[in-house]
Amino acid sequence: MRTINELAAQETLRGRPAGFDVERVRQDFPILRQQVHGKPLVYLDSAATSQKPQVVIDAVTRYYQAENSNVHRGIHLLSERATELFEDARAKVARFLNASDAREIIFVRGATEGINLVAQSYGKMSLKAGDEIIISAMEHHSNIVPWQILCQETGAALRVIPINDDGELLMDEFKKLLNARTRLVSVVHVSNALGTINPVKQIIEMAHSHGVPVVIDGAQAAPHLSVDVRALDCDFYVLSGHKLFAPTGIGIVFGKAHLLEAMPPYQGGGDMILSVTFERTLYNVVPFKFEAGTPHIAGAIGLGAAIDYLTEVGLDKIAAYERGLLAHATDALAAIPGLRIIGTAKEKAGILSFVLDGVHPHDIGTILDQDGIAIRTGHHCAQPVLQRFGVPATARASLAFYNTREEIDALARAIHKVTTLFG
Ligand SMILES: *Cc1c(COP(=O)(O)O)cnc(C)c1O
């Protein structure tokens, strides 16, 4: 039997995977039609933030043009309509992640706020001095710093799963780290710096066999593969709307209902209460208990529209197309003399971090920009993992389903040019 990777590579060679038409998809993203420095824009920075399809832009515009009103408190028609759209968006997220109940979806600003919510609410409630939290060596700063803050506040300690030279977790080491003091595991599903897809199902099973709940940082996973929180059996899953073709400033935390119900509020204010007196406040039910203040209503509606759009295109088709694209990009970059790819895991999503002999990543990014090619350079909010590979920074090209083989070829040509300039 052939692997899915081989099948996908073959399909993309023949043209396009069945039912996936990248040129049609590109028509849905107006920003991609523009020129940058007189060259067609080649956007390879979707891991920093993704572009938005017209349907998402339209949903946000329509909300402000025709539906704008505050949610949950109004008696008038517009407020009822806004509330309905906002709660519809929550239900869409729940279906998208296969959560059993929309109550398990909390709207937050993004993955960062989501992890801070879990740390400050669940973490503070359940950790004490001497307890341990396990993260991995490839975490985004968002999945390191909130736990360090929690450790400072509680006296708990952080433990780190090491990785191999390909950027894969050392599962034997993870097994050794799990012990009677472990209270929580929090790992990234897909690494934004390396592209590694972690075996989160296995991690969750191992942690659960010790009675330890697991948080998954899904910011980079949701745009590339279908996520099923019930099949994974994760306790918390966080994602960012803006990485998922939706607006900035919106994201979600999925949490199992019984955990959310036991957790104290994260912030206090309007909407998260049932009644307030100066003596005593009764908190609202889940999920509203965690949504103090006026939420990003337009953002949530935009996220719902992005999910509708992704569902229509089909995440399985997207994943198959991107695998072919990544294989092509890996071959094209590996053929460039002096180029080293950082992150060569067997299971990878469309992220290519690399360094070039004798060229600072910043210079690569600047020269590529002159050719209209947008990549990211720097530490990608993941300094510890770059330290692990002995580099302070990399250049990173990150793919989305609107990218083409021609764009990858343009990237490879531009990097070749950089090597001759510095050669
Ligand atoms: C982007 C990202 C985050 C943080 O997301 P924000 O939108 O900045 O809150 C966390 N983890 C990973 C893996 C990311 O790529």
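As a starting point, this report considers the structure included with it. (Residues numbered from 1 in each chain as written. Predicted model: local features only at pLDDT ≥ 70, side-chain atom pairs only at ≥ 80, totals over all residues. Heavy atoms only, no water.)

**Some words on the overall build of the protein chain**
For step 1, the next point in the chain: Secondary structure assignment for the protein chain yields 15 helices and 17 strands.
For step 2, the next point in the chain: Counting all 423 residues of the protein chain, 56% fall into the buried class.
For step 3, the next point in the chain: Sequence-distant contacts, at least 24 apart, represent 71% of the contacts inside the protein chain between residues at least 6 apart.
For step 4, the next point in the chain: Looking at the protein chain as shown, the accessible area adds up to about 17900 Å², and 53% of this sits on carbon and sulfur atoms.
For step 5, the next point in the chain: Side-chain charges of the protein chain comprise 40 positive and 46 negative groups, with the mean position of each set lying 1 Å from the other. (Helix = DSSP H or I, 4+ residues; strand = E, 2+ residues; numbered from the N terminus. Buried < 20%, exposed > 50% of the residue type's maximum accessible area, 1.4 Å probe, protein only. Contact = heavy atoms within 4.5 Å. Areas by Shrake-Rupley, 256 points an atom, 1.4 Å probe, with all protein chains shown as cover. Lys, Arg positive; Asp, Glu negative; His and termini not counted. Charge placed at Lys NZ, Arg CZ, Asp CG, Glu CD.)

**Comments concerning the sheet that holds strand E14 (residues 351-356)**
For step 1, the next point in the chain: The antiparallel open sheet is built from four strands, whose spatial order is E13-E14-E17-E16. Two strands bound the open sheet, and with one partner strand each, they are strand E13 (339-342) and strand E16 (376-378). Within this sheet the neighbouring strands show an average axis-to-axis angle of 30°, counted without direction.
For step 2, the next point in the chain: Of the strand pairs in this sheet, E16 and strand E17 (residues 394-398) are connected by three bridges, and their pairing is antiparallel. Within E17, the position partnered with Arg376 by the bridge is Arg396.
For step 3, the next point in the chain: Its contacts with the sheet put helix H12 (residues 315-334) on E13 and E14, and the angle it makes with E14 is roughly 5°. (Pairing = 2+ DSSP bridges. Axes fitted to C-alpha atoms, helices over the stretch in contact; angles between N-to-C directions.)

**So, the site of the ligand**
For step 1, the next point in the chain: Around the ligand, a shell composed of 13 residues is seen, among which Thr112, Asp217, Gln220, Ser240 and Lys243 lie nearest.
For step 2, the next point in the chain: At a separation of 2.7 Å, an oxygen atom of the ligand approaches a polar side-chain atom of His242.
For step 3, the next point in the chain: One of the side-chain nitrogen or oxygen atoms of Lys243 is found 2.8 Å away from an oxygen atom of the ligand.
For step 4, the next point in the chain: When the ligand is considered free in solution it has 380 Å² of accessible area, and contact with the protein chains removes 86% of it.
For step 5, the next point in the chain: Split by residue class, the shell around the ligand holds three nonpolar, eight polar and two charged. (Near = heavy atom within 4 Å. Polar contact = N/O pair within 3.5 Å; in protein donor to acceptor, adjacent residues only side chain to side chain. Nonpolar A, V, L, I, M, F, W, Y, C, P; charged D, E, K, R; others polar.)

**Details of the packing of helix H3 (residues 54-67) against helix H11 (residues 297-313)**
For step 1, the next point in the chain: Following both chains from N to C, one finds H3 and H11 inclined at 145°, their axes separated by 8 Å at the closest point. Crossing angle aside, the handedness with which H3 passes H11 is right-handed. Residues Val55, Val56, Ala59, Val60, Tyr63 and Tyr64 of H3 form the contact with H11, whose own contacting residues are Ile297, Ala298, Ile301, Gly302, Ala305, Ala306 and Tyr309.
For step 2, the next point in the chain: Each residue belonging to the contact of H3 with H11 can be placed in one class, and the counts come to 12 nonpolar, one polar and no charged. (Left-handed = near helix turned anticlockwise from the far one by under 90°.)

**Some remarks on the environment of Leu411**
For step 1, the next point in the chain: Its place among the elements puts Leu411 in helix H15 (residues 405-422).
For step 2, the next point in the chain: With 40 residues separating them along the chain, Leu411 and Asp371 place their C-alpha atoms 9.0 Å apart.
For step 3, the next point in the chain: Dropping the residues within four chain positions of it, Leu411 is found in contact with Leu44, Leu333, Leu368, Ile373, Ile375 and Ala397.

**Structural notes on the pattern of salt bridges**
For step 1, the next point in the chain: Tallying each qualifying case throughout the model produces 22 salt bridges.
For step 2, the next point in the chain: Where Glu407 meets Arg26, a salt bridge forms, and the shortest distance between an N and an O atom there is 3.3 Å. Here the residue Glu407 occupies a position in helix H15, and Arg26 occupies one in helix H2 (residues 22-27), the gap between them amounting to 381 residues. Across this residue pair, the class does not change: Glu407 and Arg26 are buried. (Salt bridge = Lys/Arg side-chain N within 4 Å of Asp/Glu carboxyl O.)

**Section: the pairing of strand E7 (residues 182-188)**
For step 1, the next point in the chain: Summarising burial for E7: six of the seven residues are buried, a large majority.
For step 2, the next point in the chain: Summarising the sheet, strand E5 (residues 132-136) and E7 pair through three bridges and their orientation is parallel. When the bridges of E7 are listed, Ile133 appears paired with Leu184.
For step 3, the next point in the chain: Summarising the sheet, E7 and strand E8 (residues 214-217) pair through four bridges and their orientation is parallel. Directly across from Val187, in E8, lies its bridge partner Ile216.
For step 4, the next point in the chain: For the segment spanning E7, helix H8 (residues 200-208) and E8, crossover handedness is right-handed. (Right-handed = clockwise from strand over helix to strand, strands pointing away.)

**A closer look at the nonpolar core**
For step 1, the next point in the chain: Counting residues in each nonpolar core, the largest one holds 114 residues, and the members touching the most others are Leu97, Val185, Tyr237 and Phe401.
For step 2, the next point in the chain: Counting the residues that make up this core, at least three belong to each of domain 1 (4-33 + 314-422) and domain 2 (56-311).
For step 3, the next point in the chain: Those residues in contact with Leu97 that lie beyond four places of it in its chain are Ile105, Val227, Asp228, Val229, Arg230, Leu239, Ile252 and Phe254.
For step 4, the next point in the chain: Ranked by size, the runner-up nonpolar core spans 27 residues in total, among them Val215, Ala219, Val238 and Leu260. (Core = buried A, V, L, I, M, F, W, Y, C linked by side-chain atoms within 4.5 Å. Domains from an automatic or database assignment.)

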